[in-house]
Amino acid sequence: MDSIQALLSALDVFSRAPDKASLENANSWLQDFQHSPEAWSTCNVLLLSPDAPIAAKLFAAQTFRSKVTYDLHQVNAANLLPLRDTLIAALVEYHAGPKAIITQLCLAIAGLALQLPAWDNAVQTMIETFGTNPATVPVLLQFLKVLPEEMTSNTRIPVTDDEYRDRSAKLLTENSRQIVDLLSMYNNASGVTLAVQNQILECLRTWVVAGEVDTAAFCKSSLFVGIFEALASDQLFDSAVDVICELIHETQEVDDNMSVIELIVPRVIALRPKLEECKEDPEKMRGFARIFAEAGETYRLLIVRHTETFYPIVEAIGQCSAYPDLDIVPITFPFWMRLAQTIGKKASVQPLLLEAYKALTNVIIRHLHFPPDTSTMTGQEADNFRSFRHVMGDTLKDCCLVLGTDACLLNAYGLVTVGLSRGASVSWQEIEAPLFAMRSMGAEVDPSDDNAVPKIMDLIPSLPSHPKVRYAALLIISRYTEWVNRHPDYISFQLQYISAGFEDSDDEVNAAAGQALKHLCQDCKQHLTDFLPTLHTFLKTTGRKLAQDDRLQVYEAIAYVISAMPMEKAAESLKTFSLDILSQIHNAAAQVTPISKQELKEIGCGLESLEVMLHVVGPFGDHLPVACQNSCREAWSIFDVFITKFAFDYDTTERTTRVLRPALALFGRSALPVASSVLSRMISSFEATGFSAFLWVAGKIVGRFGRESDPALQRSFQALFERSTNKLLSILQSKAARDIPDVLEDYVQMLLQLEDVVPDVFYQSSAFPLAFRASMATLDLIHSDITFAALDLFRGIVTHDCFSHSTPNLKDDLYATAIKTVLEKEGFDLIGYLLSGLVGDFPEDSVSSVISIFRSISTLLPSQILAWLPVVLQRLPATSPPNEAKQRFLIDVTNAVDTKQFDKVKYAILSFNRASRKARDRRRVAPLNE
């Protein structure tokens, strides 16, 4: 009684509105209860208690389902059949409802049947118990519905593949014919209710989905006719649609199912008049669209082979595609795509199918029209429509595959010219929609085309100046730049059109102009080098008025052109464009009066533009052009002063350091003379601000120049390691690790570089033990990138080559001593972090790293790890993993260490991880919602 009262008290929490902590405590208690062996008897008492609240009875039924799935091993073999009888008796008791309890008990019985070979005639038992009394038939139908679903989808039930195959054959395959006959009998019974008929259809669907229904035999049954007749009932319509679609899908091996298809197709075609009758009912249209689309997809090979016979299905799908409700239209798109792919493999296309795709092209362009008054659309509706236009654009590409790109482009071109011929009476929507279609089909254009595309390009100057039309035209230019590269005569005009786009007052047009210029310069860069002075003038005038995103696209475009130039000219051009930005930075650094936020923001935009340019142009190699010989020192002298002055501004620091990385790549070894100076500035700036960006750059310098023999540089690396570690520890005194994930990530990434490139500095420094401890703090963070970096660091340390050399040298001894000393002090905590993360929030892909670290520590400190493990395991949460798994893990690791078979540590961890995941997955499903 005490356990029942405690359970009722925990459940009662959910009927009130308590605080979050009370809810979490109650939920945790209920989950723990579900795991316990006592839950079996307690839930049985609750189910049979007439006075128990409904919520408690439902929880009891859910618990039975959960325990059958996870905890059947808790039941003695001799009690399994009595458990079955208990569940069936409970189902008899609740045959009138509530439905939720019936469903949970049915799921529990289905799961038990799968795991209980001794129950040889499970389906027959359920039919005999529930199938003869009209009052209990709904319970039987619910069981028969969930049985195939539970067997095919509940992968948490612990059975082997062989056991599953045997029980599946016994429970499903051997009973499928009887089930179809039973369902037919119930469906034809006098007085059958719509509710029961719905259950019959739902049950039939799950057996068809499971592949257990012999479609040839089924199509000869009265139930086959019944599912099509059910479409006439509003209450049965959705369930009938589901069954018909699954039945059609089940016949996808068309050559093996022709006798069945010959029965299905006439009935599907006979539904076509319903499209006209139900055109005012979107839900009915959705159902019919699903049936026709499923038939079209499944029988597409037959449509190609016997077009006239199957063409009514294509026409019906065409009608559904033309339906004005854009939620229904996309149901048809997979059919058009798959049919186009099938047709595309044929030497010729049937005229009827050509006509279907021609009609589809016009239908899609019509759907692309914006509504007459776009102000009536909400922001979400507008976003959804824009997204859907791109989906429709993909269907236009399917039309290109069948009809040819030229034909589709000329069709869209014709719609534009017809619209333009109407003068002022034409709406912008009538022009914009076919332009969008041309843009969508641009990916299919042949760059050597001399028929359709020149007409489109010649059309652009005559288009109206409406922002939507100009936006669409600019994106056509953007999409067709590969074609323009083969036809450079169009470049001059297009640059003018793009330039005018930047002058437009509409932000979207500005953005489209930036995108068009970027792609034009990227694909036509060889032809644009002579236009660089013009682009430079444009930047110094119009460029200042552009939004930053648009300005970035212009700089990126210019960088593509520079990258196509000979090295000397490229260097000169890059210097020209960079000096504009560097002069801004120099002036700001030299300015005596305080700089305004807006001025600093403008400098940040300039830095962002410079970063984009450097990234696109890329490195010149180790031998710099003459124009860049002194640029590195000159540029750093500007940045050094600038960083000193503005290091405390976070945004400015981010922008500045993001420029330094591509700059290092650009200058290569030529940056070596300033490397120590850059490191010094990064160290002092991190000490002053605590901003992670300075560590990020420092790590890049270590990676790039760490193997250089310059003593001054080596001293700089040591200073970096020690001073940054001291600063980080200082930060951790006042802030929790979770509050500085960016700092910790960049710090660990820097350590990875130091450990790999300058191990002398890393292992022989007094900062090594401090860095080791600081890095462990990252293992507590729920951040996969940081976790992987930290695990890589620890794996690199404990598996260092110094432990594997057959004849260790002096350095090996020094490294090994340093590592072992740290492990002896910090190993207990490291093991704790590793196991806590393994059973907690470590990413799944991290298991291999944990195994490597754990195995190495077991090898290096065998006695210590056996002393640490019991305490560490005791501190893990009691519920994840279960205590049995902890004990098994301890035994397995102890055996591996005692026998010096350290590779077996791997299997111990894998087993421990599986047990933890199973427990964790179970607890993620709240007990009241299972």
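This is a predicted model, so every value here is computed, not measured. Numbering of residues starts from 1 in each chain and follows the order in which that chain's sequence is written. With pLDDT at 70 or above as the cut-off, local features in this predicted model cover only qualifying residues; side-chain atom pairs require 80 or more to be listed or tallied, and sums for whole chains, interfaces and linings still use all residues. Calculation of side-chain values draws on the structure's entire complement of heavy atoms; hydrogens and water are dropped beforehand.

A. Quick look at the overall build of the chain. Secondary structure elements follow DSSP: runs of H or I no shorter than four residues count as helices, runs of E no shorter than two count as strands, and numbering proceeds from the N terminus. Within the chain one finds 48 helices and zero strands. Its C-alpha atoms give the chain principal-axis dimensions of about 95 × 90 × 55 Å. The cut-offs for exposure are 20% and 50% of the maximum accessible area for each residue type, with area from a 1.4 Å probe on protein chains only; residues under the lower value are buried, those over the upper are exposed, and the others partly exposed. For the chain, the residues scored as buried account for 52% of the 930 residues in total. Counting contacts in the chain only where the partners sit at least 6 residues apart, residues at least 24 apart contribute 75% of the total. Surface accessibility in these figures is a Shrake-Rupley result with a 1.4 Å probe; residues are shielded only by whichever protein chains are displayed. For the chain, the accessible surface area stands at approximately 41,200 Å², while carbon and sulfur atoms represent 51% of it. The charged-residue count follows a simple rule in which Lys and Arg add positive charge and Asp and Glu add negative charge, with His and chain termini not counted at all. By convention, the point assigned to a charge is CZ for Arg, NZ for Lys, CD for Glu and CG for Asp. Within the chain, one finds 83 positive and 112 negative side-chain charges whose respective centroids are separated by 3 Å. Pairs of residues are marked as contacts when any of their non-hydrogen atoms sit within 4.5 Å.

B. Region of the structure containing the packing of helix H38 (residues 692-705) against helix H39 (residues 711-734). A fitted line through C-alpha atoms represents every axis, and for helices the fit uses only the stretch in contact; the resulting angles, taken between N-to-C directions, go from 0 to 180 degrees. It is at 11 Å that the axes of H38 and H39 come closest, and there the two elements cross at 145°. Crossing geometry of H38 relative to H39 is assigned as left-handed. Contact residues: H38 offers Leu695, Ala698, Val702 and Phe705, while H39 offers Leu713, Phe717, Leu720 and Ser724. Note on residue classes: Ala, Val, Leu, Ile, Met, Phe, Trp, Tyr, Cys and Pro are nonpolar, Asp, Glu, Lys and Arg are charged, and everything else, Gly too, is polar. When the residues that make up the contact of H38 with H39 are grouped by side-chain class, the tally is seven nonpolar, one polar and no charged. Should the near helix be turned counterclockwise from the far one by less than a right angle, the crossing is left-handed, whereas a clockwise turn marks it as right-handed.

C. Region of the structure containing the confidence of the model for the chain. Summing up the model confidence of the chain, the mean pLDDT is 92 and the portion of residues at 70 or higher is 98%. Contacts of residues 926-930 to residues separated by more than four positions or lying in other chains number 19 contacts, the stretch itself having pLDDT below 50. Per residue, pLDDT captures the predictor's confidence, and it can take any value from 0 to 100.

D. Seen up close, unusual backbone geometry. Omega for the bond connecting glycine 97 with proline 98 falls within 30 degrees of zero, at 0°, which places this linkage in the cis form. With respect to the secondary-structure elements, proline 98 resides in the loop between helix H5 (80-93) and helix H6 (99-115). Positive phi, normally seen in glycine, also occurs at lysine 900, with a value near 55°. For lysine 900, the position within the fold is in the loop between helix H47 (883-898) and helix H48 (904-924). Judged by its relative accessible area of 63%, lysine 900 falls in the exposed class.

E. Expanded view of the packing of aromatic side chains. Each aromatic pair joins two rings of Phe, Tyr and Trp (for Trp, the six-membered one) with centres within 6.5 Å, and gets the label stacked for planes under 30 degrees apart, edge-to-face for over 60, and tilted for any other angle. Using the criterion set out here, one finds 24 aromatic pairs in the structure. Placement of a positive charge over a ring is assigned whenever Lys NZ or Arg CZ falls within 6 Å of the ring centre and within 35 degrees of the normal to the ring plane. In this structure, lysine 284 packs its charged tip against the face of phenylalanine 237, placed 5.3 Å from the ring centre.

F. Inspection of the side chain of glutamate 755 at higher detail. Its location among the elements puts glutamate 755 in helix H40 (residues 741-757). Here glutamate 755 is buried and forms no salt bridge, its nearest opposite-charge partner arginine 707 lying at an N-O distance of 9.1 Å. Polar contacts, as counted here, are pairs of nitrogen or oxygen atoms within 3.5 Å of one another; within protein the pair requires one atom able to donate a hydrogen and one able to accept it, and residues that are adjacent in sequence qualify only if both atoms are side-chain atoms. Reaching out from glutamate 755, the side chain makes a polar contact with the side chain of tyrosine 763 at a distance of 2.7 Å. When residues no more than four places from it in sequence are discounted, the contact partners of glutamate 755 are Phe762, Tyr763, Leu793, Gly796, Ile797 and His800. We count a salt bridge whenever a side-chain nitrogen from Lys or Arg sits within 4 Å of a carboxyl oxygen from Asp or Glu.

G. View of the environment of glutamine 235. For glutamine 235, the location among the structural elements is in the loop between helix H13 (222-229) and helix H14 (237-249). The residues contacting glutamine 235, other than those within four sequence positions of it, are Leu194 and Asn198. Reaching out from glutamine 235, the side chain makes a polar contact with the side chain of serine 233 at a distance of 3.3 Å.

H. Looking closely at helix H2 (residues 20-35). By this rule, a helix spans an expected 1.5 Å times one less than how many residues it contains. Along its 16 residues, H2 runs 23 Å from first to last C-alpha, staying within 8% of the 22 Å computed at 1.5 Å per residue. All of the buried residues along H2 are Ala26, Leu30, Gln31, Phe33 and Gln34. What you see down the axis of H2 is that its buried residues fit within an arc of 160°, all on one side. In H2, the exposed positions angled more than 90 degrees off the buried face are occupied by Lys20 and Asn25. An arc is given here, and it is the one of the directions from the helix axis to the C-beta atoms.

I. Spatial organisation of the environment of phenylalanine 717. Structurally, phenylalanine 717 can be placed in helix H39. Between the C-alpha atom of phenylalanine 717 and that of leucine 754, which follows or precedes it by 37 residues, the distance is 8.0 Å. Apart from the residues within four sequence positions on either side, phenylalanine 717 is in contact with Leu679, Val702, Phe705, Gly706, Leu754, Val758 and Val761.

J. Region of the structure containing helix H19 (residues 307-321). Within H19, the full set of buried residues consists of Thr307, Phe310, Tyr311, Ile313, Val314, Ala316, Ile317, Cys320 and Ser321. Structurally, H19 contributes buried residues whose contacts are with helix H15 (258-269), helix H16 (273-277), helix H17 (282-298), helix H18 (300-305), helix H20 (333-344) and helix H21 (351-367).

K. Representation of the state of the cysteines in the model. Note on disulfides: each one is a pair of cysteine sulfur atoms within 2.5 Å. Applying the stated criterion to the full structure yields zero disulfides. Counting only cysteine sulfurs, cysteine 524 is the nearest neighbor of cysteine 521, a cysteine outside any disulfide, at a range of 8.2 Å.

L. Focus on the pattern of salt bridges. In the structure shown here, the tally under the stated rule is 37 salt bridges. Its salt-bridge partner being arginine 551, residue glutamate 602 comes within 3.5 Å of it at the nearest N-O pair. Here glutamate 602, found in helix H34 (residues 597-617), pairs with arginine 551, found in helix H32 (residues 548-563); they are 51 residues apart in sequence, far enough to count as distant. By relative accessible area, glutamate 602 is classed as partly exposed at 30%. Since its relative accessible area comes to 10%, arginine 551 is described here as buried. With its nearest N and O atoms 3.3 Å apart, the salt bridge here joins arginine 655 to glutamate 608. In this pair, arginine 655 is assigned in helix H36 (residues 650-667) and glutamate 608 in helix H34, connecting sequence segments 47 residues apart.

M. Local environment of the packing of helix H8 (residues 137-153) against helix H11 (residues 194-209). Closest axis-to-axis distance for the H8/H11 pair is 8 Å, and the angle between their directions is 20°. In this view, H8 runs roughly parallel relative to H11, as classed from their interaxial angle. Of the two elements, H8 crosses H11, and the hand of that crossing is left-handed. In this structure, H8 contributes Pro138, Leu141, Gln142, Leu144, Lys145, Leu147, Pro148 and Glu149 to the contact, and H11 contributes Val196, Gln199, Ile200, Glu202, Cys203, Arg205, Thr206 and Trp207. Its residues assigned to classes, the contact of H8 with H11 shows nine nonpolar, three polar and four charged. Roughly parallel covers angles under 35 degrees, roughly antiparallel covers those over 145, roughly perpendicular covers 65 to 115, and oblique covers all other angles.

N. Expanded view of the environment of proline 372. Within the secondary structure layout, proline 372 lies in the loop between H21 and helix H22 (379-403). Counting along the chain gives 190 residues from proline 372 to leucine 182, while the straight-line C-alpha distance between them is 56 Å.

O. The side chain of aspartate 504, seen in detail. Its place among the elements puts aspartate 504 in the loop between helix H28 (491-503) and helix H29 (507-523). A distance of 2.8 Å separates a polar side-chain atom of aspartate 504 from the backbone nitrogen of aspartate 506. If we skip the residues at most four places from it in the chain, aspartate 504 touches Arg470, Val509 and Asn510.

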